[in-house]
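As a plain string of letters, each chain reads:
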Amino acid sequence: MRAPTRIQVKLFASPATDVPSRAVIPVFHRWIQTHAIDELLIDVTDYGHVPRGPGVLLIGHESDYGYDLGEGRAGLLYTRKRGGSDDLGERIHDATRRALRAAHLLESDGSLAPLRFDTRELLFRFPDRLHAPNDAATFEALRASLGSTCDRIWSGAAHTLSREGDPRAPLTVVARTETAMALDALVRRATG
Amino acid sequence: MATAEPPASPASWKELLADRIDPDLGREIDIFETQLELRKQGKIEERLFAETRLRRGAYGQRYDNGQRHDGLVSQSLAFPDVPTKGPHTMWDAPGMQRIKIPLGRLTAAQLETLAEVAEDYSDGILHVTTRQDFQLHFVHIDDTPDLMRRLAAAGITTREACGNTVRNVTACPYVGVCTDESFDVTPYAHALTYFLLGHPDTQDFGRKFKVAFSGCADHACGLVHMHDLGYVARSRTGRDGTLERGFAVYLGGGLGSLPHQAKLVDDFMAEGEALPFAQALARVFARLGEKKNRGRARLKFLVEKLGFDELVRLVREERAKLPADARWTTFLDDLAKHEERPLKPGSTLGIGTFPAGFAAWSATNVRPQRQLGYSVVTITLPLGDLTAAQARALADIARRHCGDTIRTTVDQNIVLRWVPDAEAPAVYEALRDAGLASPGANTITDVTACPGTDTCKLGISSSRGLSSVLSEHLAKRELDPSVRRLQVKASGCFNACGQHHIADIGLLGVARKVGNHRVPHFQIVLGGETTRNAGAYGLAIGAVPSKRIPEAVDRITDLYARSKRPDETFQAFVQRIGKLKVKQLLEDLTVVGSHELESDLYSDWGDPREYTTGDMGVGECAGEVVPFVQFGLAASEREVFEAQMLLDAGQPSAAARRAFGAMLTAAQSLARTQNQDVSDEADVIVAEFRKHFHDTGLFHDPFAGDKFAQSLFRAHEASYDDVAPDVAHRQIEEASLFIDAAHACYTKMDTA
Ligand code: SF4
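Cut-off values and rules
Residues numbered from 1 in each chain as written. Chains lettered and ligands numbered in written order. Predicted model: local features only at pLDDT ≥ 70, side-chain atom pairs only at ≥ 80, totals over all residues. Heavy atoms only, no water. Helix = DSSP H or I, 4+ residues; strand = E, 2+ residues; numbered from the N terminus. Buried < 20%, exposed > 50% of the residue type's maximum accessible area, 1.4 Å probe, protein only. Contact = heavy atoms within 4.5 Å. Areas by Shrake-Rupley, 256 points an atom, 1.4 Å probe, with all protein chains shown as cover. Axes fitted to C-alpha atoms, helices over the stretch in contact; angles between N-to-C directions. Parallel < 35°, antiparallel > 145°, perpendicular 65-115°, else oblique. Left-handed = near helix turned anticlockwise from the far one by under 90°. Nonpolar A, V, L, I, M, F, W, Y, C, P; charged D, E, K, R; others polar. Pairing = 2+ DSSP bridges. Near = heavy atom within 4 Å. Core = buried A, V, L, I, M, F, W, Y, C linked by side-chain atoms within 4.5 Å.

**Student:** Mind showing me how you'd approach the overall build of chain A here?
**Tutor:** Across its full length, chain A carries four helices and eight strands. The N-to-C order of helical and strand elements in chain A reads β-α-β-β-β-β-α-β-α-β-β-α. With respect to the principal axes defined by its C-alpha atoms, chain A has extents near 40 × 35 × 30 Å. Evaluated residue by residue, chain A yields a buried proportion of 60% over its 192 residues. Long-range pairs, those at least 24 residues apart, make up 65% of the contacts in chain A between residues at least 6 apart in sequence. Only carbon and sulfur atoms are counted for the fraction: they give 50% of the accessible area of chain A, which is about 6900 Å².

Now the structure itself:
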């Protein structure tokens, strides 16, 4: 299948370590000031007033980074919007790598302590209904690429992939493993 | 496990939706897509392309000129090097897509489509505007043709959502179910919308043109008086004893930097005349309206230029010449087509145990309909925002309880009509599960805000940041019921998209210079009202730093709760105690300490960067600034306030003269930076100001050009004998804006 243009990857904050979304606003502004991420970053926008909304968004040209409140669970949400590889597997892997790296940056920011991300669960969403309609066939077509990324970052640990959510929403797949691992180890494996 | 076939190579949205899009609409979108391509190849001039995309609702956003101040330095945003999509507008910079929703009317399926495009092309947020439109932000121009196709397949157009066109036609969200209305204006507003959409007579305006319908004269919802053209439903008994329908028709209203109240053209225009009158007015506006000076191109300025009676005479003359068009009246044969049918029988809410929170929510968010057994439920949207998931949940709720009876409101909320009374608790529970059951609709916590500095290129202060904080702050307070009923509206700049003039407490974003820094402020605007169809506009009483606005609002509302007379409205209360008293109450809040001591005041709400107005794209400036400029500007502010006092005391001529005096003081304080010998003579001040500030372009506003300087020149030529109250009111408004522009000019000079 043709790789979806838009791919989202979310890492959820571990229970009891999440921070108010507005605490992330100055952090995202600092990322722009210090070019913390090697991408064209444009501005920060605050949706903290929207229940279960996008929280705080760092808008970029090719990607957005959010401290997201969707699903009623805070987390780092990475969105690839344009650019990047056309290869399905590479595109999914690259999005995962960028999401992990951003989550690690947030965890390392002293102002956000005690924020920690749960590395046992990853949400993949594909807001591109033309190339990734929310149906069983698309899920099956994505399974191998998603599995391969999960194998790599979880170092081959057993995991499950399940299609979840409202069938009218973009196709959403949740990957889960039982084994807890350090976030920096995942970043290393994704990057290596 | 069975393996599914890999999906076939996907078709384009154009192919997929070909048989679901109206062919004319499809062709228009194809043409737009071609225009995009031609612009990328440099074959369409950038200004022409800009107006083309605006007419399809594709608007620019802040920072699209490729510059952004990051709080430390101004950074260039290195967008890929492709042609611009308009003057100083980078192709790849995110933009805003406005989506027209005539009368705010939506079906559940349309709401689902809006949710889909918000997810696939935007940030997953649907934003309801003060004109009942939707806006999506951070949209790439390349995505807009497909976005438009998907909307078109759901019966939604973005055509003429922006640009110099007839904007979304608005109407009360309660039409057809309201106890006050003369009749349901829905079929009339619908007919006028589609009659004027793309009509050749509406394609050559110098500026936008706004139309509204109201079902009654007295209540708030239609806001007819702030529109270029407004219709208020009227019924009367004809000579043969039958009930005749018609409209009280108003024209020439508008908010913006110089608000005007629309004036009555005809207190009963027969229903069949509504469309031809609009067409005739469009022709006259296109022919005689200002085209070069954007700042004076709205219809209200044509009224000013020609005189109301002369304009009306010309329109009537034009009307008499119009070739007959069957569309003027064919819709009258089928008015019932637009009648909403309830999904379920009406019912009564019995006595029983209701879910926690239901009572408080239903007190503000449920309103009985004229039709027994049904209610209108309001969904309070914080700052007009809802997520795609919430939109889907809302579509489900509508399908389950009331059908396709969804409408957006000018207060940036959504209503569901025809909800059977007995089902209100179930609707509440479903909304609560979706995070959509906030109480307080149309109360002081339901603050209206324009996009402001969040995304608008012209924003001066963060109207959304402030409104969000203010709303949360007020929701935590125990408020007197009279205070709870008040309305707060905030605009990020003088263009007034947040409609601050008509709020009980209006907030207008401005900037002030303190030492070597700028401090975001909001002018507090009092005296406006949404009732009587936006029957009065407020005036600014003084500017308070943004971060102190919640405290200012507390003080004003506490005073009202403490000192009002029984049943005294907020407007009557302010009038009785005098604006001076309110101003004095806030005096200490206006004093800004040094950057070192009060650094928090030097950044805006929700934005930790050092505050700057530089992102607006300030032009060149020159000149040496001496400190007494600030004293002069402060004096001018005092004078303009005194002018308000005189107006409130029933002395309009003196008020207008004092307002002009305030402008002179501000102009003189600037002129003295160039020529210290400027005397106190009005002629001398105006001549010096013209020479050094107008003719050099130094005083020009990046958006409004020389509009504010021209207001000084007009005021200089005006006579101040026997000034009418509305003229004095406008003079005060102009003086206030002139002083704000003087502050901005001074800031520019100092920066240079
Ligand atoms: S009032 Fe000003 S800041 Fe607000 S949306 Fe309008 S132009 Fe932009």
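**Student:** For this particular structure, what's the right way to read the packing of helix 22 (residues 707-717) of chain B against helix 23 (residues 725-751) of chain B?
**Tutor:** For any two helices packed against each other, one specifies the inter-axial angle together with the distance between the axes. Residues and elements named next belong to chain B. At their nearest, the axes of helix 22 and helix 23 sit 9 Å apart, and the two run at 135° to each other. Taken together, the axes of helix 22 and helix 23 lie oblique to each other. Here the hand of the crossing between helix 22 and helix 23 comes out left-handed. Residue-level contacts link Phe708, Ala709, Ser711, Leu712, Arg714 and Ala715 of helix 22 to Gln731, Glu734, Leu737, Phe738 and Ala741 of helix 23. Broken down by class, the residue content of the contact of helix 22 with helix 23 amounts to seven nonpolar, two polar and two charged.

**Student:** Any chance you could explain the sheet that holds strand 19 (residues 488-491) of chain B here in plain terms?
**Tutor:** Across a sheet, paired strands are connected by hydrogen bonds in the backbone, their directions being either parallel or antiparallel. Residue and element names in this part refer to chain B. As summarised here, the arrangement of the five strands in space is 18-19-20-21-22, forming an open sheet in which the pairing is mixed. One side of each edge strand has no neighbouring strand; the edge strands of this open sheet are strand 18 (448-449) and strand 22 (539-545). Judged from the six bridges that link them, strand 21 (residues 517-526) and strand 22 form a sheet pairing that is antiparallel. Residue Gln523 lies in a different strand from strand 22, and its bridge partner there is Ala543.

**Student:** Is there a simple way to think about the site of the ligand in this case?
**Tutor:** Neighbouring the ligand are the residues Cys450, Pro451, Gly452, Cys456, Leu458, Gly459, Gly492, Cys493, Asn495, Ala496 and Cys497 of chain B. When its residues are assigned to classes, the shell around the ligand shows seven nonpolar, four polar and no charged.

**Student:** Can you walk me through the sheet that holds strand 5 (residues 105-106) of chain B in this structure?
**Tutor:** All names here are of chain B. In space, the five strands of this open sheet follow the order 5-16-17-14-13, with antiparallel pairing throughout. Taken across any chain shown, the strands that pair with only one partner, and hence form the sheet edges, are strand 5 and strand 13 (366-368). Bridge analysis of strand 14 (residues 374-379) against strand 17 (residues 414-420) gives five bridges, and the strand direction is antiparallel. When the sheet's bridge partners are listed, Tyr374 is paired in strand 17 with Pro420.

**Student:** Teacher, can you tell me more about the nonpolar core here?
**Tutor:** Grouped burial of nonpolar side chains is what soluble globular proteins tend to show. Of all hydrophobic cores here, the largest spans 115 residues; its most connected members are Phe134, Phe213, Tyr231, Phe247, Leu416 and Leu431 of chain B. For this core, the leading source of residues is helix 7 (residues 274-288) of chain B, giving 10 residues. Those residues within four positions of Tyr231 of chain B in sequence are excluded, and the remaining contacts are Leu192, Val211, Ala212, Phe213, Ser214, Val224, Phe247, Ala248, Val249, Ala274 and Ala278 of chain B. Core analysis: the second largest hydrophobic core is formed by 53 residues, Ala3, Val27, Leu122 and Leu161 of chain A among them.

**Student:** Quick question: what am I supposed to make of the pairing of strand 10 (residues 229-237) of chain B here?
**Tutor:** A regular strand carries its side chains on alternate faces of the sheet. Residue and element names in this part refer to chain B. Bridge count for strand 9 (residues 211-214) against strand 10 is four bridges, and the pairing is parallel. Of the residues in strand 10, the one forming a bridge with Phe213 is Tyr231. Two strands pair when backbone bridges link them, and strand 10 and strand 11 (residues 243-251) are joined in this way by nine bridges, in the antiparallel orientation. Bridge pairing links Gly230 to Tyr250 in strand 11. Connecting strand 10 to the antiparallel partner strand 11 that follows it, the hairpin turn spans five residues, and Gly241 within it adopts a positive phi of roughly 85°.

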